[in-house]
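The primary structure of each chain is shown beneath.
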2 protein chains.
Amino acid sequence: MTSKTSREEEKNISLPSEEYSLIDTAEIIITGNEIISGKTQDTNSRFLARELRKIGITVHYISTVSDDPQDLYEAAKLAYSRSDLIISSGGLGPTEDDVTMEVMCRAAGLNLQLDADCLATIEAYFARTKRKCAPNNRKQAYMPQGARILKNHFGTAPGAFVHFDYLGKPRHLALLPGPPGELVPMFTDSLKPVLKELSPHRYRTHSFRVYGLGESNIEMLLLDLIKENKGINLATYASSYEVEVLVSEVISDRQDNGALFQNYVETIRRRLKHFIFTEKEETLAQRVLDLLIQREYTIAFAESCTAGLLSSLIGSVPGASKAFFGSVISYNNDIKEKFLKVDSGILEHFGAVSRETALAMADGARESFQTDFSVSITGIAGPSGASPEKPVGTVWIGLVSPTVREAFRFQFSGERKRIQERAAFRALDLIRRALENWPLAEKEE
Amino acid sequence: MTSKTSREEEKNISLPSEEYSLIDTAEIIITGNEIISGKTQDTNSRFLARELRKIGITVHYISTVSDDPQDLYEAAKLAYSRSDLIISSGGLGPTEDDVTMEVMCRAAGLNLQLDADCLATIEAYFARTKRKCAPNNRKQAYMPQGARILKNHFGTAPGAFVHFDYLGKPRHLALLPGPPGELVPMFTDSLKPVLKELSPHRYRTHSFRVYGLGESNIEMLLLDLIKENKGINLATYASSYEVEVLVSEVISDRQDNGALFQNYVETIRRRLKHFIFTEKEETLAQRVLDLLIQREYTIAFAESCTAGLLSSLIGSVPGASKAFFGSVISYNNDIKEKFLKVDSGILEHFGAVSRETALAMADGARESFQTDFSVSITGIAGPSGASPEKPVGTVWIGLVSPTVREAFRFQFSGERKRIQERAAFRALDLIRRALENWPLAEKEE
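Keep in mind that what you see is a predicted model, and the values were worked out from it rather than measured.

Enquirer: What's the story with the overall build of chain A in this structure? I'm lost.
Expert: A count of helical and extended segments in chain A gives 17 helices and 17 strands. By principal-axis analysis of the C-alpha atoms, chain A measures approximately 80 × 55 × 40 Å. Taking all 445 residues of chain A together, the buried fraction comes to 56%. Within chain A, residue pairs in contact and separated by at least 24 positions form 69% of the contacts whose partners lie at least 6 positions apart.

As structure tokens, this is what we get:
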């Protein structure tokens, strides 16, 4: 489907894709004073590098330069001299310091010309939003000769993808807007399918999202596969609370039916078992909500040390109210007694951070909200409130469902916020495991 | 104090600082396959650019390269040819692909030699953590000749700051480790004070943190000051929910007592009024908690559409339990009636998203938790649940205190998560304004 679409798009450029040289090396140029001065955090280069890698193109350089035309001109020349594909981000706006299109094309020896379609689109955008189209905005309709126009559905600046010769070498240049909300969809929808065709490699990929195992643990579990080196590549990408395991393979032989690749995928699935929370593009909270809705279960929370973080993670997923009824956040014992019916004897005898209190809180939430599932979190997020038996990071998580009534003790490390986050994500994962009938057992992280 | 310390440190390098050339242009080189492949988000370059700017040094280029020695060598040569100060981040570890120290110094014509102090520190680190010091780790004790050693209190790799001539031009090179947890303190504690001395400019700065006004609004309010151009610079730095207004001035004349600067600061304070939530290094949630504790007030929340986000923002601040008692998160009307005593007549007549329900929820929370203050949030975070009169983004925030009982309607834009965040931050700001006796009035954003 994707390849069909991109072939159809291909017709828009003057030459058929077969005549274009393939891309071996790539380079990213990030422009803008707001980036070079540290005002804004650049996230585009990471996004582009990662996405390019997925289609078999490796980025070798990322250069960040100011809006100064001379600096940009030199960066462009250098990039053209050493890389097959150059992608720029930023500087396509209507103001005077938006010079990327003009400077990058001048350095490439490409002329700009007014694109009637672009101009019409820009004028329609202003008409629709009832604003006046300033002469400046017409500037955004000047495009390099022979370029494929990349439509911008989230702003006025169109992007461009163009091919040229630089000192006898074939080069590909993509000019993208700076705001990630414009760059990401433009790259994904319009540029990536074409680049995929120009990548010297055809790829087969599969992605696992893992919770509860670090990158080094995953590497240990998959060491033989990593070392085997039969052309199948395993890469791990760690972000805050998950690790993505990306399996990829270059398809070099048209006869290759992917049997070996499938074998790898199944082996990884078998080894990482219940640590895999999804094989789709979704977060842990999305996965949990999805499972609850699928199985027609409802849930409520009783949070103490996490102060609403678990609730807000579930609550941020669209459609949360289908399964999530509500929570009580009890920052003191009175509330635990009043709203969650935690017996004062339990609090006195075992303390607020204990198995018994965690279970009583979960019972109370389930009863009050009349839900199928409930989860409680009570612990010491720090920096104060610790004791020798219960150091900072001690957290009890209680889980009650129609079939389970258990509480687990964890010892999380880090600062207050980190401990709260670890506890909330761990609770989400416990719910997922309970819903998928996995063991709930690992108690350390 | 700072300047005294840095003068004392100055003695450690072979030449007195007066003999070093001042820094006009700076460049950052980020190394590492994990960055160039998109595995890890680089945040060091933004941090360094921003910090350097604060001491009057402007970054012109940021280059990101892989661990390939040839790529790094060329990036180093290019940087030495065009910038006075070059700061590298990453590649100081013990493994084979950690080549930054060796390659950057080779490109600079600097020899490495074993530093006895560094070696002792590394060996002591391993002894303390009861691990074996591998021969690889000795590599980390090789330092450029004549370098000032920058101690690493959070890892094994020391940094270095060294001066050399490159094609007849004086250059400064700082080699810093890649992990932000090591780079940030090393830069702040050891490098920044020295760079400050080498900066051609002496600076005076003052910072305001603003909530509720965008960068363009702030610029409009301060336009005459921005244009006046009496040597006082105003820069705005927008992050998720606040804008930092940084006022800075080069102190060129020793007679200058800062009277004009003080005048600017006071004018800005007068113009931005209650939009300034702090003039210190703290978040809005910290400020709110601080005010509550100072004034000995307690608070509780009733959250509906924000699902615990407001609670978790306050709850993530150390010491939150001194003022924050708890919350009820009511994702359905039953809970609003049961826990918050919202009259079913109010819900039926006015609906869950209304002034009346917001006030009743806040009353209920204040009563249940027996606090001085309470805040309620009820709205339509989307994507579903909207009606023509109450589109997605309609949010009512109720505030009840010993002296105030009011509710405000807001219309927030964006996706579900963004609406939830805007509502939670707006609620925090309402509390701050109530505590500081500012008008609560602005109703749009």
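Enquirer: Explanation requested: the packing of aromatic side chains in the structure shown.
Expert: To describe a pair of aromatic rings, one takes the distance between the centres and the angle between the planes. Scanning all chains against the criterion turns up 19 aromatic pairs over all chains. Ring centres 5.5 Å apart and planes at 80° place the aromatic pair Phe369 of chain A and Phe339 of chain B in the edge-to-face group. Placement of Phe369 of chain A in helix α16 (residues 355-369) and of Phe339 of chain B in helix α14 (residues 333-340) is noted, with the two residues assigned to different chains. An identical accessibility class is assigned to Phe369 of chain A and Phe339 of chain B; each is buried. On the numbers, 5.4 Å between centres and 35° between planes, the contact of Phe301 of chain B with Phe324 of chain B is tilted. Of this pair, Phe301 of chain B sits in strand β13 (residues 299-303) while Phe324 of chain B is found in strand β14 (residues 324-330), placing the two residues 23 residues apart along the sequence. Joined through ring pairs, the aromatic side chains of Phe339 and Phe369 of chain A together with Phe339 and Phe369 of chain B make up one cluster. Over the aromatic face of Tyr61 of chain B sits the side chain of Arg82 of chain B, whose NZ or CZ is 3.5 Å from the ring centroid.

Enquirer: Teacher, can you tell me more about the pattern of salt bridges here?
Expert: Residue and element names in this part refer to chain B. Per the counting criterion, the structure on display carries 32 salt bridges over all chains. A salt bridge links Arg209 to Glu242; the nearest nitrogen and oxygen atoms lie 2.9 Å apart. Of this pair, Arg209 sits in strand β9 (residues 203-210) while Glu242 sits in strand β11 (residues 242-250), and the two are 33 residues apart along the sequence. On the basis of relative accessibility, which here comes to 16%, the residue Glu242 falls in the buried class.

Enquirer: Just checking my understanding: could you explain a nonpolar patch on the surface for this structure?
Expert: Residues and elements named next belong to chain A. Nonpolar side chains collect at one region of the surface, where Leu112, Leu114 and Tyr142 lie side by side and expose about 230 Å² of accessible area between them. In this structure, Leu112 sits in strand β4 (residues 112-114). The exposure class assigned to Leu112 is partly exposed, which follows from its relative accessible area of 32%.

Enquirer: Please explain the sheet that holds strand β10 (residues 232-239) of chain A as it appears in this structure.
Expert: Backbone-to-backbone hydrogen bonds pair the strands of a sheet. The strands run either parallel or antiparallel. Residue and element names in this part refer to chain A. Here we have four strands laid out as an open sheet, ordered β10-β11-β9-β12, and antiparallel in their pairing. Looking at which strands have only one partner, the edges of the open sheet turn out to be β10 and β12 (276-278). Pairwise comparison of adjacent strand axes, ignoring direction, gives a mean angle of 35° for this sheet. Two strands pair when backbone bridges link them, and β10 and strand β11 (residues 242-250) are joined in this way by eight bridges, in the antiparallel orientation. Bridging from a neighbouring strand, Ser239 pairs with Glu242 of β11.

Enquirer: Explain the relation of the copies chain A and chain B to me, please; I cannot follow it from the model alone.
Expert: Here the second copy of the chain follows from the first by a rotation about an axis and a shift along it. When chain A is fitted to chain B, the best match, at an RMSD of 0.5 Å, comes from turning it 180° and sliding it 0.4 Å along the axis. Given the turn and translation reported, the copies of this chain are related as if by a two-fold rotation axis.

Enquirer: Explanation requested: the environment of Ser199 of chain B in the structure shown.
Expert: Residue and element names in this part refer to chain B. Along the chain, Ser199 falls in the loop between α8 (180-198) and β9. Take Ser199: its relative accessible area is 2%, and that puts it in the buried class. It is 6.3 Å that separates the C-alpha atoms of Ser199 and Gly56, two residues lying 143 residues apart in sequence. Sequence-distant contacts of Ser199, defined by excluding residues within four places in its chain, comprise Leu22, Ile55, Gly56 and Ile57. There is a polar contact of 2.7 Å between the side chain of Ser199 and the backbone oxygen of Ile55.

Enquirer: Could you clarify how one ought to interpret the layout of surface pockets in this entry?
Expert: All names here are of chain A. By volume, the second largest pocket amounts to about 720 Å³. For the second largest pocket, the lining is made up of 26 residues, of which Arg50, Glu51, Lys54, Arg209 and Glu281 are closest to its centre. At the level of elements, α3 (44-54), α8 (180-198), β9 (203-210), β10 and β11 are the ones that each hand at least two residues to the lining of the second largest pocket.

Enquirer: Please clarify how the side chain of Arg171 of chain A should be interpreted in this entry.
Expert: Residues and elements named next belong to chain A. Among the secondary structure elements, Arg171 is positioned in strand β8 (residues 169-176). At 2.5 Å, the side chain of Arg171 and the backbone oxygen of Tyr80 are in polar contact. Here the side chain of Arg171 touches Ser83 through a polar contact of 3.0 Å, landing on its backbone oxygen. Contacts of Arg171, omitting those with residues within four sequence positions, involve Tyr80, Ser81, Arg82, Ser83, Asp84, Ile86, Val162, His163, Phe164 and Tyr166.

Enquirer: Looking at this model, I keep getting lost on the confidence of the model for chain A. Mind explaining?
Expert: Caution is warranted with low-pLDDT regions, since their predicted coordinates should not be read in detail. This prediction gives chain A a mean pLDDT of 89; 94% of its residues lie at or above 70. Ignoring residues within four places in sequence, the model shows residues 1-17 of chain A, a span with pLDDT below 50, making 21 contacts including any to other chains.

Enquirer: For this particular structure, what's the right way to read a positive patch on the surface?
Expert: The grouping of Lys338 and Lys341 of chain A together with Lys338 and Lys341 of chain B at the surface amounts to a positive patch. Tracing the backbone shows Lys341 of chain B in the loop between α14 and α15 (344-350).

Enquirer: What's the story with the interface of chain A and chain B in this structure? I'm lost.
Expert: Size of an interface, as often reported, equals the accessible area lost when the parts are brought together. Every contact between the two is made by 59 residues of chain A and, on the other side, 59 residues of chain B. Taken over both partners, the interface formed by chain A and chain B buries close to 4500 Å², and the fraction arising from carbon and sulfur atoms is 55%. Counting the surface chain A buries against chain B, the share from its top three residues, Lys39, Gln41 and Tyr331 of chain A, is 14%. The interface formed by chain A and chain B includes 26 residue pairs in polar contact (both at pLDDT 80 or more). Looking at the side of chain A that touches chain B residue by residue, the class counts come to 23 nonpolar, 24 polar and 12 charged. Bridge count between strand β14 (residues 324-330) of chain A and β14 of chain B: five bridges; the pairing is antiparallel. Bridge pairing in β14 of chain B links Gly326 of chain A to Ser330 of chain B.

Enquirer: Just checking my understanding: could you explain the packing of helix α12 (residues 284-294) of chain A against helix α17 (residues 416-435) of chain A for this structure?
Expert: Residue and element names in this part refer to chain A. Look at α12 against α17: their axes get within 9 Å of each other, and the N-to-C directions meet at 35°. Crossing angle aside, the handedness with which α12 passes α17 is left-handed. Two secondary-structure elements touch here, α12 through Leu284, Ala285, Arg287, Val288, Leu291 and Leu292 and α17 through Phe425, Leu428, Asp429, Ile431, Arg432 and Leu435. When the residues that make up the contact of α12 with α17 are grouped by side-chain class, the tally is nine nonpolar, no polar and three charged.

Enquirer: Would you mind going over the packing of α14 of chain B against helix α16 (residues 355-369) of chain B with me for this structure?
Expert: Geometry of a packed helix pair, given as the angle between the helix axes and the separation of the axes. Residue and element names in this part refer to chain B. One can describe the packing of α14 onto α16 by two numbers: an axis separation of 9 Å at closest approach and a directional angle of 40°. Judged on the interaxial angle alone, α16 and α14 are oblique. Across the interface between the two elements, Lys336, Phe339 and Leu340 of α14 pack against Thr357, Ala360, Met361, Gly364, Ala365 and Ser368 of α16. Taken together, the residues of the contact of α14 with α16 break down into five nonpolar, three polar and one charged.

Conventions and cut-offs
Residues numbered from 1 in each chain as written. Chains lettered and ligands numbered in written order. Predicted model: local features only at pLDDT ≥ 70, side-chain atom pairs only at ≥ 80, totals over all residues. Heavy atoms only, no water. Helix = DSSP H or I, 4+ residues; strand = E, 2+ residues; numbered from the N terminus. Buried < 20%, exposed > 50% of the residue type's maximum accessible area, 1.4 Å probe, protein only. Contact = heavy atoms within 4.5 Å. Phe/Tyr/Trp six-rings, centres within 6.5 Å; stacked < 30°, edge-to-face > 60°. Lys NZ or Arg CZ within 6 Å of the ring centre and 35° of its normal. Salt bridge = Lys/Arg side-chain N within 4 Å of Asp/Glu carboxyl O. Patch = residues over 30% accessible without salt bridge, like charges linked within 9 Å, V, L, I, M, F, W, Y side chains within 5 Å. Areas by Shrake-Rupley, 256 points an atom, 1.4 Å probe, with all protein chains shown as cover. Pairing = 2+ DSSP bridges. Axes fitted to C-alpha atoms, helices over the stretch in contact; angles between N-to-C directions. Least-squares fit on C-alpha atoms with pLDDT ≥ 70 in both. Polar contact = N/O pair within 3.5 Å; in protein donor to acceptor, adjacent residues only side chain to side chain. 1 Å grid on protein atoms, 1.4 Å probe; cavity = no way out; pocket = protein on both sides within 12 Å on 5 of 7 lines; lining within 4 Å. Points joined across faces, edges and corners; volume = space filled by probe spheres on them. pLDDT = per-residue confidence, 0-100. Lys, Arg positive; Asp, Glu negative; His and termini not counted. Charge placed at Lys NZ, Arg CZ, Asp CG, Glu CD. Buried area = accessible area lost by both parts, 1.4 Å probe. Nonpolar A, V, L, I, M, F, W, Y, C, P; charged D, E, K, R; others polar. Left-handed = near helix turned anticlockwise from the far one by under 90°. Parallel < 35°, antiparallel > 145°, perpendicular 65-115°, else oblique.

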